Amino acid sequence: MGPHPAVAAIRLAVRRVLHDILTDNSRHSRTTGERTGGRIVARLTRPTGDIPEQSPNERPPSPLVLVACSGGADSMALASALAFEAPKLGVRAGGITVDHGLQPGSDLRAEEVVLRLRELGLDPAESITVTVGRDGGPEAAARDARYAALDAAAERHGATAVLLGHTRDDQAETVLLGLARGSGIRSLSGMAAVSGAGGRYRRPFLQLDRQTARKACLVQSLPVWDDPHNADPAYTRSRLRHEGLPALEKALGKGVVEALARTAQLSRDDADALDTWASQAEASVRDAAGLLECAKLYALPPAVRRRILRRAAIEAGAPAGSLFARHIEEVDRLITGWRGQGAINLPGKVVARRQGGRLVIRQG
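Residues numbered from 1 in each chain as written. Predicted model: local features only at pLDDT ≥ 70, side-chain atom pairs only at ≥ 80, totals over all residues. Heavy atoms only, no water.

This paragraph deals with the sheet that holds strand S6 (residues 201–202). Pairing is mixed across the open sheet formed by 6 strands, whose spatial order is S3-S2-S1-S4-S6-S5. Each of the sheet's edge strands pairs with one partner strand only, and the pair in question is strand S3 (125–129) and strand S5 (194–195). Of the strand pairs in this sheet, strand S1 (residues 64–68) and strand S2 (residues 92–99) are connected by 5 bridges, and their pairing is parallel. Bridged to Leu 64 within S2 is Arg 92. On top of the sheet, helix H3 (residues 106–119) reaches S2 and S3; it is set at about 170° to S2, its chief contact. Helix H4 (residues 138–157) contacts S1, S2, S3, strand S4 (161–163) and S6 of the sheet and is inclined by roughly 140° relative to S3. (Pairing = 2+ DSSP bridges. Helix = DSSP H or I, 4+ residues; strand = E, 2+ residues; numbered from the N terminus. Contact = heavy atoms within 4.5 Å. Axes fitted to C-alpha atoms, helices over the stretch in contact; angles between N-to-C directions.)

Shown next, in the form of structure tokens:
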């Protein structure tokens, strides 16, 4: 008799991602081998001078994959599936939990999670304490601190990838939050299955619902921790989860979550295509000095033109997280609605102005 359907589903999702990681790792090793004449250098967490060189016939070291685990049902289900699947594929598996220090006893909770990860056989398994700032609100600040800690852990351990337990429900919530911000198609594309520098972050559960992960924990007798912040109406995502989505399902019927997740994927495909178009078109709208020519920008479709403007603003020093659609719309009016208006002030002390048929975007 096979495993429970919920357990089988989470294991299959993780197995597919591990296969992708191994394929990417093998491709990278082959490329590195070609660049170094077939000599592959092992990546270890010790001083460079102690790293041995492998012979051409030796296999590269097994990749290390970490799971980011809060102790909740989603990430515990992910940790259990990784612990089960990784050894069968020759992958080393570890786990990281991040203590945000936002609740009394969070350090004790983090240590309990580490113990559970070790009981699953994950190694390394560790807790990282972070200091959460205030920029962008509590949710954004906690997210920034968490990813910074995960990036540092991945670098320290030489991990190939970090698995995240975001589910289809999380994806639906992210799409609705993007819709509320009115930030365009990229916001509607939600979370990518692969993201981060070099494709570090992988989300195996984006096609699985939250209930499947919780059921998998239940049938495996895995203890889970329910973060009280997830039920706190002070947080936007919590209100959306417990009030907004249920109201939509009541008004529109079941299937809203699935439809929103599908919208995310379709939006991502469209946004990727437009980004590629904008990247290819950018060189054609700059003059010999590298300045953007307004007449050539005007001839482009708005979606392509605004992507070029956004990229130019970021390159000039505007923080991407503070650059909103309304900022780009104002800059766009310097091209499409030119009436002699003055400069546009953007985040990061960046200024955009029209001069002699050129668009100049620079700091100060």
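Next comes the rest of the account.
The next point concerns the confidence of the model for the protein. Detailed reading of the predicted coordinates is not advisable wherever pLDDT falls low. When pLDDT is averaged across the protein, the result is 89; 91% of the residues are at 70 or more. The low-confidence segment residues 39–52, where pLDDT is below 50, has 21 contacts with residues more than four positions distant or belonging to other chains. (pLDDT = per-residue confidence, 0-100.)

Attention now goes to the nonpolar core. In this structure, Val 14, Leu 18, Leu 82, Leu 163 and Phe 205 are the most contacted members of the largest nonpolar core, which totals 35 residues. Of all elements in the fold, only helix H1 (5–35), S1, helix H2 (73–85), H3, S4 and helix H7 (210–219) reach the threshold of two or more residues within this core. With 25 residues, the next largest nonpolar core counts Ala 281, Ala 316, Ile 344 and Val 350 among its residues. (Core = buried A, V, L, I, M, F, W, Y, C linked by side-chain atoms within 4.5 Å. Buried < 20%, exposed > 50% of the residue type's maximum accessible area, 1.4 Å probe, protein only.)

Bringing the pairing of strand S9 (residues 350–355) into the picture now. Bridge analysis of strand S8 (residues 344–346) against S9 gives 3 bridges, and the strand direction is antiparallel. Across the sheet, the residue bridging to Asn 345 is Val 351, located in S9. With antiparallel pairing between neighbouring strands as the criterion, S8 and S9 make up a hairpin whose turn holds 3 residues, including Gly 348 at a positive phi of roughly 75°. In this sheet, strand S10 (residues 358–363) lies alongside S9 in antiparallel orientation, the contact comprising 6 bridges. Directly across from Gln 355, in S10, lies its bridge partner Arg 358. Connecting the antiparallel pair S9 and S10 is a turn made up of 2 residues, with Gly 356 showing a positive phi of about 55°.

Along the polypeptide, Leu 82 turns up in helix H2. Here the alpha-carbon distance between Leu 82 and Val 224, two residues 142 residues apart in the chain, equals 16 Å. When sequence neighbours within four positions are dropped, the list of residues in contact with Leu 82 reads Val 14, Leu 18, Val 65, Leu 66, Val 67, Pro 87, Ala 93, Gly 94 and Leu 163.

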